[in-house]
Amino acid sequence: MNQDFFAQSLLPQEWPGIHYFDEQEANAVHQVLKAKSPFRFYGPNLLNEASQFENELSQFLGVTYCLGVSSGTAALQIALSAIDVGVGDEVLIPGYFWVATVSAVIRNGAIPRLVDVDDSFSLDPDDLKKKIGPRTKAVIMVHMGGIVGRVDLVKKICDEHGLFLIEDCAQSIGASQSKKMSGSFGDIATFSFQLNKNITAGEGGAIATNNEVLYKKALAVHDLGYPRNEFGRLVLNDFSRWGIGSRMSEITAAILRVQLKKLPVIIETMRNFNLKLQKILNDRSIVTRTIIDSNGFSGGFLEVILDTDIKAKIFKEVLLSNGAKGGQNSLYPIVMTEWGLHIYYNIGSLVEKKSFSGNSSVWELQENLFGKSYTYDKGTLPHLDSLISRTVIFCIASKLTEAQKDIIERAMLLACMAVKAEVNEILC
Ligand SMILES: Cc1ncc(COP(=O)(O)O)c(C=O)c1O
């Protein structure tokens, strides 16, 4: 296979949901437009897409309450507000996340404290125990790349210390562990439906919880801080808290209702091919990320862990030069240190403890002085630092032809051979 062949057959990109867009999504949007009712609380002919989506998502996740919101970032801030996280509180988070996970903590006025990861690239329960202090109020577990880490242990630790557990499921909708869906383990969970997620409407988010009080607080915060009556009008004399105006639109919900039905197929497709590639690698003694439940991960990412940084670079280059690369502005494959705002020390505003508004930063507030000595620069989380410099992350597209799968399998085999041989000449 020559370079021209590869150029013509660039792989589909890493946006799982849109590869499944068809006339069903188009029709769902059209219905909302025809009804002239894109706002979820009232309109001339309200179709109640948002509330139907919330019911369907609750059923899918096996939780009592879901709330559609405008983004995963908003969902995180709302969830933190619902559990009353604010100035004087500390929230424990992993160092492998997305910038939104930490920015939500800071926007709520609290102090983020970093916890190292284990071989599942998720919160390390041992380091978590060490980091809990008198001001810790909540733990955010981020199910990165659709893999749920050691959530039972994390939940047990949270319960023993009276801490709230928030699951950031932005990257894990549809993933599960022991047949329990991600988003149903903790006190409250957040989701994103931005383009890169397992299902998408371009933008969107959701909150899930079994707790009625948390749901009601989230409902008020996501809107204008007040509850609404049965006609969707604000009940002004019943103030609950400040709102952030992050409602889900009927158009977003209509698309997501269709996408949610397609989610099992999307996940199964990614997971099956991911498992096939893992077998190819593991059979050749190449280590991949630990998956606690291989029947439950959502499969969109494959993390290959090499012994050294040099081998990681060789592995990546061999994949690239043998056609295992998505089209146009696709990022993958990359060595994980290159993965921008997913890695704590790449976030300059965190490392430098910048303020939210230009005034005092949260670390300078009197009530938060307990967090003054916390650091966020490289070296803070030694295990994560060592893992990511040796790990290549590759994105598994949600629709691949057999020919495209062949290209990827062949490139993986060649990459294995290259790192085994440790000779750079093999780079094409
Ligand atoms: C782990 C994680 N949390 C939160 C978010 C934020 O979601 P959104 O882009 O919808 O605000 C993302 C989005 O990439 C994410 O990956």
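As a starting point, this report considers the structure included with it. (Residues numbered from 1 in each chain as written. Predicted model: local features only at pLDDT ≥ 70, side-chain atom pairs only at ≥ 80, totals over all residues.)

## Points about the overall build of the protein
Now for step 1: When its secondary structure is counted, the protein shows 13 helices and 13 strands.
Now for step 2: The C-alpha atoms of the protein give 22 Å as radius of gyration, which agrees with the globular expectation for 428 residues (22 Å, within 12%).
Now for step 3: When its C-alpha atoms are laid out on the principal axes, the protein stretches across 75 × 55 × 40 Å.
Now for step 4: Expressed as a percentage of the 428 residues in the protein, the buried residues total 49%.
Now for step 5: Of the contacts formed within the protein by residues at least 6 apart in sequence, a portion of 71% connects residues at least 24 apart. (Helix = DSSP H or I, 4+ residues; strand = E, 2+ residues; numbered from the N terminus. Rg over C-alpha atoms; globule rule 2.2 N^0.38 Å. Buried ≥ 20, exposed ≤ 12 C-beta atoms within 10 Å, placed from the backbone. Contact = placed C-beta atoms within 7 Å.)

## Focus on the packing of helix 9 (residues 250–282) against helix 13 (residues 402–421)
Now for step 1: One way to put it is that helix 9 packs onto helix 13 with a least axis distance of 10 Å and a crossing angle of 25 degrees. Accordingly, the angle class assigned to the pair helix 9 and helix 13 is roughly parallel. Read as a crossing pair, helix 9 and helix 13 show a hand that is right-handed. Within the contact between the two elements, helix 9 uses Phe273, Leu277, Ile280 and Leu281 and helix 13 uses Lys405, Ile408, Glu409, Met412, Leu413 and Cys416. (Axes fitted to C-alpha atoms, helices over the stretch in contact; angles between N-to-C directions. Parallel < 35°, antiparallel > 145°, perpendicular 65-115°, else oblique. Left-handed = near helix turned anticlockwise from the far one by under 90°.)

## Details of the sheet that holds strand 11 (residues 301–305)
Now for step 1: Pairing is antiparallel across the open sheet formed by four strands, whose spatial order is 10-11-13-12. In the strand order of this sheet, the two ends are held by strand 10 (287–288) and strand 12 (334–335), each with one partner.
Now for step 2: As paired elements, strand 12 and strand 13 (residues 391–395) share two bridges and run antiparallel to each other. Considered in strand 13, the bridge of Val335 is made with Val392.
Now for step 3: Docked against the sheet, helix 10 (residues 309–321) engages strand 11, strand 12 and strand 13, running at close to 25 degrees with respect to strand 13. (Pairing = 2+ DSSP bridges.)

## Side note on the nonpolar core
Soluble globular proteins tend to bury their nonpolar side chains together.
Now for step 1: Within the largest apolar cluster, 128 residues are counted, with the highest numbers of intra-cluster contacts made by Ala79, Val139, Ile207 and Phe315.
Now for step 2: The element contributing the most residues to this core is helix 9, with 11 residues.
Now for step 3: If we skip the residues at most four places from it in the chain, Val139 touches Leu92, Leu128, Val154, Cys158, Leu163 and Leu165. (Core = buried A, V, L, I, M, F, W, Y, C linked by C-beta atoms within 7 Å.)

## Quick notes on the sheet that holds strand 3 (residues 111–115)
Now for step 1: Across the sheet, seven strands lie side by side as 1-9-8-5-4-2-3; this open sheet has mixed pairing. Every other strand in the sheet has two partners, leaving strand 1 (65–69) and strand 3 as the edge strands with one partner each. Across the sheet, the axes of successive neighbouring strands diverge by a mean angle of 20 degrees, strand direction being ignored.
Now for step 2: Relative to strand 4 (residues 136–142), strand 2 (residues 90–94) runs parallel, the two being bridged by three bridges. Following the sheet pairing, Leu92 is matched in strand 4 by Val139.
Now for step 3: Along the sheet, helix 7 (residues 151–160) makes contact with strand 4 and strand 5 (164–168), crossing strand 4 at roughly 175 degrees.

## As for the site of the ligand
Now for step 1: Taken together, the neighbourhood of the ligand is formed by 15 residues, with Gly72, Thr73, Trp98, Ala170 and Ser192 sitting nearest.
Now for step 2: If you list the elements that add at least two residues to the shell around the ligand, you get helix 4 (72–82) and helix 5 (99–107).
Now for step 3: Of the residues assigned to the shell around the ligand, the class counts are five nonpolar, nine polar and one charged. (Near = placed C-beta within 6 Å. Nonpolar A, V, L, I, M, F, W, Y, C, P; charged D, E, K, R; others polar.)

## Let's talk about the pairing of strand 9 (residues 205–209)
Now for step 1: With five of its five residues buried, strand 9 lies for the most part within the structure.
Now for step 2: By the alternation rule, side chains of strand 9 split into Gly205, Ile207 and Thr209 and Ala206 and Ala208, which are all buried.
Now for step 3: Two strands pair when backbone bridges link them, and strand 1 and strand 9 are joined in this way by five bridges, in the antiparallel orientation. For Leu67, the partnering residue across the bridge sits in strand 9 and is Ile207.
Now for step 4: Where strand 8 (residues 188–192) lies against strand 9, five bridges are found, and the strand directions are antiparallel. Paired with Ser192 across the two strands is Gly205, which belongs to strand 9.

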